[in-house]
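# Fold and geometry: a report
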Amino acid sequence: EKEAKVKPRVSFGAGMRYMLFPNSNAPWCGFIIDFEFTRLGAARVNDTIESHFDIDYLALNVMWAIKFSGFYAGFGLYVGAPVSQKSVISYPNDSTVDLKDIFNKWDFGYVMTLGWAFDFKYFKFLIGVDFKIGFLSIAKNDVGLELPAGYKANNWTVMLHLGFGI
């Protein structure tokens, strides 16, 4: 049997971002705190099976930040905990499998954000991009059944973000 290739899938999420720039002596220096839901995923295909994995996370991002005019940037750490992990098999037959024993309970790593905040009369509109690189493999070692033996899967995410603020 030919070994299946595991490929990342497009991730998506939703959350809240709090941007605080409290020092009037250095108004360009502050913090960004995010609380977010993110769905990570991968697809596995070979001659005998087609499946995809969904891993839903709640994450907290804490970043030191700078802002100049509308531009902002932040760099810091994130911690995430999975709330749902499943595999959906679409070939040879349709089924869903709970994968809670295959993935680790925590994810931890770097987070960086770059963006622009447009200031309107009654609200702000944010647009930007977030980058995450995990320190830990989210897959446990040698589970073998759903993932190839020895498979390492560190979280690396690039996410476009859009938001409204006050």
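Residues numbered from 1 in each chain as written. Predicted model: local features only at pLDDT ≥ 70, side-chain atom pairs only at ≥ 80, totals over all residues. Heavy atoms only, no water.

In this structure, Ser-69 is a non-glycine residue whose phi angle is positive, near 55°. Looking at the element boundaries, Ser-69 is found in the loop between strand 4 (50-68) and strand 5 (71-91). (Helix = DSSP H or I, 4+ residues; strand = E, 2+ residues; numbered from the N terminus.)

Attention shifts here to the side chain of Asn-61. Here Asn-61 lies in strand 4. Take Asn-61: its relative accessible area is 0%, and that puts it in the buried class. Looking at Asn-61, its side chain comes within polar contact range of the side chain of Lys-132, at 3.5 Å. Filtering out sequence-adjacent residues up to four positions away, Asn-61 remains in contact with Ile-32, Ile-33, Asp-34, Glu-36, Leu-77, Tyr-78, Val-111 and Lys-132. (Buried < 20%, exposed > 50% of the residue type's maximum accessible area, 1.4 Å probe, protein only. Polar contact = N/O pair within 3.5 Å; in protein donor to acceptor, adjacent residues only side chain to side chain. Contact = heavy atoms within 4.5 Å.)

On to the environment of His-161, then. Note that His-161 resides in strand 9 (residues 154-165). By relative accessible area, His-161 is classed as buried at 12%. Placed 46 residues apart in sequence, His-161 and Gly-115 show a C-alpha to C-alpha distance of 8.6 Å. Among residues more than four places away in sequence, those in contact with His-161 are Arg-17, Tyr-72, Thr-113, Leu-114, Leu-126, Ile-127, Gly-128, Val-129 and Asp-130. Reaching out from His-161, the side chain makes a polar contact with the side chain of Arg-17 at a distance of 3.1 Å. Engagement of the side chain of His-161 in a polar contact is seen with the side chain of Tyr-72, the distance being 2.7 Å.

Okay, the confidence of the model for the chain next. Confidence in the prediction of the chain, expressed as mean pLDDT, is 83, and 87% of residues score 70 or more. For the chain, strand 6 (residues 95-98) is the element with the lowest average pLDDT, namely 70, and strand 7 (residues 107-119) is the one with the highest, namely 94. (pLDDT = per-residue confidence, 0-100.)

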